[in-house]
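Residue-level structural notes
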Amino acid sequence: MAGPLQGLKILELARILAGPWAGQTLADLGADVIKVESPDGDDTRKWGPPFVAAADGGDLSAAYFHACNRGKRSIVADFTTPEGRALVERLAASADVLIENFKVGGLAKYGLDHASLSKINPRLVYASITGFGQDGPYAERAGYDFLIQGMAGAMSITGDPDGAPTKTGFAMADIFSGLYATIGILAALRQREESGQGAWIDCALMDSQIGVLANQALNYLVSGKAPQRLGNAHPSIVPYEVFPVIDGHVVIAVGNDGQFRRLCEVLGEPALGTDPTFATNPLRVQHRGALIGRLAALTLRFQRDTLLRSLEGASVPAGPINTIAQAFDDPQVRHRRMQLDLPAARAAGGSIPGVRTPLVIDGVPAAHDRPSPRMGADEADILADPAWRLD
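First, a word on what this report is: a plain description of the structure on this page.

Reading guide: rules and limits
- Residues numbered from 1 in each chain as written.
- Predicted model: local features only at pLDDT ≥ 70, side-chain atom pairs only at ≥ 80, totals over all residues.
- Heavy atoms only, no water.
- Pairing = 2+ DSSP bridges.
- Helix = DSSP H or I, 4+ residues; strand = E, 2+ residues; numbered from the N terminus.
- Axes fitted to C-alpha atoms, helices over the stretch in contact; angles between N-to-C directions.
- Contact = heavy atoms within 4.5 Å.
- Core = buried A, V, L, I, M, F, W, Y, C linked by side-chain atoms within 4.5 Å.
- Buried < 20%, exposed > 50% of the residue type's maximum accessible area, 1.4 Å probe, protein only.
- Lys, Arg positive; Asp, Glu negative; His and termini not counted.
- Salt bridge = Lys/Arg side-chain N within 4 Å of Asp/Glu carboxyl O.
- Polar contact = N/O pair within 3.5 Å; in protein donor to acceptor, adjacent residues only side chain to side chain.
- Parallel < 35°, antiparallel > 145°, perpendicular 65-115°, else oblique.
- Left-handed = near helix turned anticlockwise from the far one by under 90°.
- Nonpolar A, V, L, I, M, F, W, Y, C, P; charged D, E, K, R; others polar.
- Patch = residues over 30% accessible without salt bridge, like charges linked within 9 Å, V, L, I, M, F, W, Y side chains within 5 Å.
- Areas by Shrake-Rupley, 256 points an atom, 1.4 Å probe, with all protein chains shown as cover.

**What about the sheet that holds strand E1 (residues 9-13)?**
Pairing in this open sheet of 6 strands is parallel, and the strands run E5-E2-E1-E6-E7-E8 from one edge to the other. Strands with a single pairing partner mark the edges of an open sheet, and in this sheet they are strand E5 (72-76) and strand E8 (199-204). This sheet shows a mean twist of 20° between the axes of neighbouring strands, independent of strand direction. Note that E1 and strand E6 (residues 97-100) share 4 bridges and pair parallel. Counted as the bridge partner of Leu13 is Glu100 from E6. Together, E1, strand E2 (32-37), E5 and E6 form the strand contacts of helix H3 (residues 82-94), whose direction differs from that of E1 by roughly 145°.

Written out as structure tokens, the structure reads:
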């Protein structure tokens, strides 16, 4: 597949999610990504149901695996054998980038760590993704997304105030770590153009989760007060949350005073929009409880679609709360071609679904046309590929 990273060679010694997410992103941008799997395969191949059904019966691995391994070629190497280690060394010698997410020191015993491989290939950009980073009191610990969301404070600000701390419905720490690793890789490649030398990228799930606390982190650092769970409410903007309607709920996200006044007009209470008690956002935050109760009583008079149409007409940001099925059926999502159907004769339906990387460059969506690989399916092609040979 052509793309801005065409010609870039990536060796992925990663499994589960964070590392493979980085590899898939780079593949979608045109890089040649070789996924090196142990004889047991990536754990996520078995993380189902659901599984992608095979045309000849059985399955083609779990949907989880296909979520983060599109566009790659697969080869099997057993690091515990001299032959397996030699294969990885050979591939690393001509690679531009290596991505791994083993525990700290996990590859050193095989001679596949940064110190060892950078001697073979000084231009290698080596990206290590771990739970807690290469140093510090927790460096030796294994890191899992759920644990990281709890330890890094994200769960303390997610969920209802009177309920239990809650994780996100997707692996936020893993995904952001994969994206930060991708950013680091691209930056190191740019630096290599000037220095001629590779780099070692140290990317930690804990660091990434702390990093994306964003305004909540700064709210604490500025005020000295740790943010608390507010359910669907926003700590610094009011009204900016879920409101009830006759047939369900809607999201209303008012970002300025003009939008607030127009909201109140749509709800049939224009005087509320000019009430001095609620005239500015800081005042609305101060009087959150009183205002939200009054607004909720007004929204309950409306059917969902009727209210949303009126708010759109008044340029007040609002939207439905879709299921994932409804989200993929949304006309905007369909127009942007976020859902992929990649031709695969080996799949029961003749194709394997996917979700493209949400980048469009010069009008071309970033999406590799190669579905996720069968384990070891590309060994012969890879070993014969002149781009991965040392002459």
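**Notes on the nonpolar core**
The biggest cluster of nonpolar side chains holds 30 residues, and the ones touching the most others in it are Ile10, Leu26, Ala31, Val97, Ile99, Ile129 and Ile185. Among the secondary structure elements, those contributing two or more residues to this core are helix H1 (18-28), E6, strand E7 (125-130), helix H6 (172-195), E8 and helix H7 (205-211). Element by element, the count of residues in this core is highest for H6, at 5 residues. In this structure, Val250, Val254, Phe260 and Ala296 belong to the second largest nonpolar core, which totals 24 residues.

**Digging into the side chain of Arg356**
With respect to the secondary-structure elements, Arg356 resides in the loop between strand E13 (351-355) and strand E14 (357-361). As a buried residue without a salt bridge, Arg356 has its nearest oppositely charged side chain in Asp28, at a separation of 8.0 Å. Among the polar contacts made by the side chain of Arg356, one reaches the main-chain carbonyl oxygen of Leu359 at a distance of 3.3 Å. Ignoring any residue separated from it by four or fewer positions in sequence, one finds Arg356 in contact with Asp28, Arg70, Arg336, Arg337, Met338, Leu340, Pro365, Ala366 and Ala367.

**What about the sheet that holds strand E11 (residues 318-320)?**
In space, the 3 strands of this open sheet follow the order E9-E10-E11, with antiparallel pairing throughout. In the strand order of this sheet, the two ends are held by strand E9 (240-245) and E11, each with one partner. Averaged over neighbouring strand pairs, the angle between their axes works out to 30° when direction is ignored. Strand direction decides the pairing type here: strand E10 (residues 248-253) and E11, joined by 3 bridges, are antiparallel.

**Brief notes about the packing of H1 against H6**
Packed helices, taken two at a time, are described by the angle between their axes plus the distance between the axes. It is at 8 Å that the axes of H1 and H6 come closest, and there the two elements cross at 50°. Between H1 and H6, the interaxial angle falls into the category oblique. Considering only the axes of H1 and H6, their crossing is right-handed. Across the interface between the two elements, Ala18, Trp21, Ala22, Thr25 and Leu26 from H1 touch Asp174, Ile175, Ser177, Gly178, Leu179, Ala181, Thr182, Ile185 and Leu186 from H6. In the contact of H1 with H6, the residues fall into 9 nonpolar, 4 polar and 1 charged.

**Brief notes about unusual backbone geometry**
Residue Pro49 is bonded to the preceding Gly48 through a cis peptide linkage, with omega at 5°. With respect to the element layout, Pro49 can be found in the loop between E2 and strand E3 (51-53). A cis amide bond, omega -5°, links Val238 with the succeeding residue Pro239. Examined against the element boundaries, Pro239 turns out to sit in the loop between helix H8 (214-223) and E9.

**Remarks on the environment of Asp341**
One can find Asp341 in strand E12 (residues 339-343). Each C-alpha atom of the pair Asp341 and Arg356 lies 10.0 Å from the other, and the pair is 15 residues apart in sequence. Discounting residues that sit within four places of it in the chain, Asp341 has contacts with Ser351, Ile352 and Pro353.

**Some points on the environment of Thr80**
Counting through the fold element by element, Thr80 comes out in the loop between E5 and H3. A sequence separation of 273 residues divides Thr80 from Pro353, and the C-alpha atoms of the two residues are 35 Å apart. Look past the residues within four positions of Thr80 in its chain and what remains in contact with it is Arg85 and Tyr110. A polar side-chain atom of Thr80 sits 2.6 Å from a polar atom in the side chain of Asp78.

**A look at the pattern of salt bridges**
A complete count under the given rule lists 13 salt bridges for this structure. For Asp42, the salt bridge is made with Lys35, and the minimal N-O distance between the two is 3.0 Å. Under the relative-accessibility criterion, Asp42 is labelled buried at 3%. Overall, the relative accessible area of 0% leaves Lys35 in the buried class. Its salt-bridge partner being Glu193, residue Arg190 comes within 3.5 Å of it at the nearest N-O pair. With Arg190 and Glu193 both in helix H6 and 3 residues apart, the pair spans about one turn of that helix. Since its relative accessible area comes to 61%, Glu193 is described here as exposed.

**Observations regarding the environment of Ile201**
The topology assignment puts Ile201 in strand E8. The residues touching Ile201, leaving out its near neighbours within four places in the chain, are Val125, Tyr126, Ala127, Ser128, Gly184, Ile185 and Ala188.

**So, a nonpolar patch on the surface**
Judged by side-chain polarity, Tyr138, Tyr144, Leu147 and Met151 come together as a nonpolar surface patch covering roughly 410 Å² of accessible area. Looking at the element boundaries, Tyr138 is found in the loop between E7 and helix H5 (145-151). On the basis of relative accessible area, Tyr138 is assigned to the partly exposed category, the value being 34%.

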